[in-house]
Amino acid sequence: MTATSTLSLRISPKDRALIDRAAESQSKSRTEFMLDAARVAATDELLDKRLFFLDEKEFAAFEQVLAEAAHISEIAEKLRKRPLPWKD
């Protein structure tokens, strides 16, 4: 992937030194390290909003609510068709 834009941050010298040490420990540049960390954090955040786990009883109740909420199906279909924000 080719970089096409710039992102500028103001950080404390202490935070910059911490990031530099961590990047060095992984044999990465500061930019590579920060981009990798930001991608992981962004993906986790977005998945946390979309992925949930239910036991059998909770899933049955969830399915029942979905079956009774026919008017929501149009909204759900629009959401289902949206591109996944963590994919290019």
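Here, every reference points to the structure presented above.
**Q** How should I be thinking about the overall build of the protein chain in this particular structure?
**A** Each helix and strand in the protein chain was counted, giving four helices and zero strands. Ordered by position from the N terminus, the helices and strands of the protein chain form the series α-α-α-α. Taking 12 Å as the expected radius of gyration for a compact globule of 88 residues, we find that the protein chain reaches 20 Å, considerably beyond that expectation. Counting only C-alpha atoms and orienting by the principal axes, one finds that the protein chain spans roughly 55 × 30 × 20 Å. A buried classification covers 5% of the 88 residues belonging to the protein chain. Carbon and sulfur atoms make up 58% of the accessible area of the protein chain, which amounts to about 8400 Å² in all. The averaged location of the 16 negative side-chain charges in the protein chain is 8 Å from the averaged location of its 15 positive side-chain charges.

**Q** What is the right way to look at the pattern of salt bridges in this model?
**A** Side chains that differ in sign of charge can pair as their charged atoms come close. Applying the stated rule across the entire model yields four salt bridges. The shortest N-O distance in the salt bridge between Lys28 and Asp36 comes to 2.5 Å. You can call Lys28 partly exposed: its relative accessible area is 28%. One network of salt bridges, in which partners are shared, links Arg16, Asp20 and Arg30.

**Q** Which parts of the structure should I look at to understand a nonpolar patch on the surface?
**A** A grouping of Phe52, Leu54, Phe59, Phe62 and Leu66 is seen on the molecular surface, where their side chains present a nonpolar patch of about 460 Å² in accessible area. As for its placement among the helices and strands, Phe52 is situated in the loop between α2 (30-48) and α3 (56-68).

**Q** Any chance you could explain helix α1 (residues 13-25) here in plain terms?
**A** Two residues of an α-helix separated by three or four positions point the same way, owing to the 3.6 residues in each turn. Here α1 spans 18 Å end to end across 13 residues, near enough to the 18 Å set by a 1.5 Å rise per residue. Immediately downstream of α1, the backbone of Ser27 shows phi near 55°, a positive value.

**Q** Whenever I open this one, the environment of Leu7 confuses me. Can you help?
**A** By secondary structure assignment, the location of Leu7 is in the segment before α1. For the pair Leu7 and Glu56, spaced 49 residues apart in the sequence, the C-alpha separation amounts to 45 Å.

**Q** What is the right way to read the packing of α1 against α2 from this model?
**A** Axis angle and axis distance: for two packed helices, these are the angle between their axes and the distance between the axes, and together they describe the pair. α2 packs onto α1 with a crossing angle of 95° between their chain directions and a minimal axis gap of 9 Å. Relative to α2, α1 is oriented roughly perpendicular. Counted together, Arg16, Ile19, Asp20, Ala22 and Ala23 of α1 and Arg30, Phe33 and Met34 of α2 form the full contact between these two elements. For the contact of α1 with α2, the residue count by class is five nonpolar, no polar and three charged.

**Q** Explanation requested: the environment of Glu77 in the structure shown.
**A** Mapped onto the secondary structure, Glu77 falls in helix α4 (residues 73-81). Note: C-alpha distance between Glu77 and Val40 (37 residues apart in sequence) is 28 Å.

Cut-off values and rules
- Residues numbered from 1 in each chain as written.
- Predicted model: local features only at pLDDT ≥ 70, side-chain atom pairs only at ≥ 80, totals over all residues.
- Heavy atoms only, no water.
- Helix = DSSP H or I, 4+ residues; strand = E, 2+ residues; numbered from the N terminus.
- Rg over C-alpha atoms; globule rule 2.2 N^0.38 Å.
- Buried < 20%, exposed > 50% of the residue type's maximum accessible area, 1.4 Å probe, protein only.
- Areas by Shrake-Rupley, 256 points an atom, 1.4 Å probe, with all protein chains shown as cover.
- Lys, Arg positive; Asp, Glu negative; His and termini not counted.
- Charge placed at Lys NZ, Arg CZ, Asp CG, Glu CD.
- Salt bridge = Lys/Arg side-chain N within 4 Å of Asp/Glu carboxyl O.
- Patch = residues over 30% accessible without salt bridge, like charges linked within 9 Å, V, L, I, M, F, W, Y side chains within 5 Å.
- Expected span 1.5 Å × (residues − 1).
- Axes fitted to C-alpha atoms, helices over the stretch in contact; angles between N-to-C directions.
- Parallel < 35°, antiparallel > 145°, perpendicular 65-115°, else oblique.
- Contact = heavy atoms within 4.5 Å.
- Nonpolar A, V, L, I, M, F, W, Y, C, P; charged D, E, K, R; others polar.

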